[in-house]
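Okay, here's what each chain looks like letter by letter:
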Amino acid sequence: MPSKEEYKYYYDKIDSDDFFEKYKPQMNHFHKGNPNQDEFYETFGEEVQYVKEQPDNLIWTVIEEDGVTCFIQGYHFVNRFQYLIATVPYKRGDKETYYDAVDNWCIECDGGQEENENCKECGGEGYYV
Ligand SMILES: [Zn+2]
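The following refers to the structure shown.

## Side note on the overall build of the chain
Alright, step 1. For the chain, the helix and strand inventory stands at 3 helices and 4 strands.
Alright, step 2. Starting at the N terminus, the α and β elements of the chain follow one another as α-α-α-β-β-β-β.
Alright, step 3. Per-residue burial for the chain yields a buried fraction of 23% across its 129 residues.
Alright, step 4. For the chain, contacts bridging at least 24 residues in sequence account for 52% of all contacts bridging at least 6.

Right, dumping it as C-alpha cells:
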C-alpha cells in the first residue's frame, strides 16, 4: 500500500494510455469469444508458455508491487502479475516503464477497516482522493 505522498507521486505518473497507443498490444487469443477478453496474459500454463515464445522486444511484464502497477520492457519473473505482447517492438532508448495504476486505499486506517472518522490521512474516506 502506498502512503498518501506515494499515491500522489505515482498517480501523476500514470501514462499507460500512451503505452497502448504506441505499442498496440495484441488481444489475448486464449480468451477469444470471452466477453472479458483483453490484452493481458496470465503468468501460468499455456499463456505464459506462449508469451515466452515471443521475441523479447515485444514482451512487456506487468509488475505489481506495493500497490503500484506498471509495465516494463521484456520478460521478467520477479513481482510479475501479467504479461502484454506488443505488436510494435520497443527499441533501444525507448521509455522502459509505463505506470498503469496505484491503489488509493488509505494506509493509515487501512481503507476504513478500522475506526477512521478522524483519520488525518484520508479525512475518514478510507481512501485517498
Ligand atoms: Zn484513512
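## Here's the deal with the nonpolar core
Alright, step 1. Residues Ile59, Trp60, Phe71, Tyr83, Leu84, Ile85 and Ala86 are the most contacted members of the largest nonpolar core, which totals 23 residues.
Alright, step 2. Those elements giving two or more residues to this core turn out to be α1 (4-11), α2 (16-23), β1 (59-65), β2 (68-73), β3 (80-85) and β4 (97-102).
Alright, step 3. In this view, Ile85 contacts Pro25, Gln26, Tyr41, Val51, Gln54, Leu58 and Ile59; residues no more than four positions away in its chain are not counted.

## Focus on the sheet that holds β4
Alright, step 1. Across the sheet, 4 strands lie side by side as β3-β1-β2-β4; this open sheet has antiparallel pairing. In the strand order of this sheet, the two ends are held by β3 and β4, each with one partner. Pairwise comparison of adjacent strand axes, ignoring direction, gives a mean angle of 25 degrees for this sheet.
Alright, step 2. Here 5 bridges tie β2 to β4, and the two strands are oriented antiparallel to one another.

## Considerations on the pairing of β1
Alright, step 1. Looking at chain direction, β1 and β3 are connected through 5 bridges and run antiparallel. Counterpart to Val62 in the pairing with β3 is Gln82.
Alright, step 2. Looking at chain direction, β1 and β2 are connected through 6 bridges and run antiparallel. Bridge pairing links Glu65 to Val68 in β2.
Alright, step 3. Between β1 and β2, which pair antiparallel one after the other, the connecting turn spans 2 residues, and Asp66 there sits at a positive phi close to 50 degrees.

## Some thoughts on the environment of Glu6
Alright, step 1. With respect to the helices and strands, the residue Glu6 is situated in helix α1.
Alright, step 2. Assessed through the 17 C-beta atoms surrounding it within 10 Å, Glu6 is described here as partly exposed.
Alright, step 3. A sequence separation of 22 residues divides Glu6 from Asn28, and the C-alpha atoms of the two residues are 32 Å apart.

Thresholds, definitions, all that
- Residues numbered from 1 in each chain as written.
- Predicted model: local features only at pLDDT ≥ 70, side-chain atom pairs only at ≥ 80, totals over all residues.
- Helix = DSSP H or I, 4+ residues; strand = E, 2+ residues; numbered from the N terminus.
- Buried ≥ 20, exposed ≤ 12 C-beta atoms within 10 Å, placed from the backbone.
- Contact = placed C-beta atoms within 7 Å.
- Core = buried A, V, L, I, M, F, W, Y, C linked by C-beta atoms within 7 Å.
- Pairing = 2+ DSSP bridges.
- Axes fitted to C-alpha atoms, helices over the stretch in contact; angles between N-to-C directions.

Just geometry here; none of it tells us what the structure is for.
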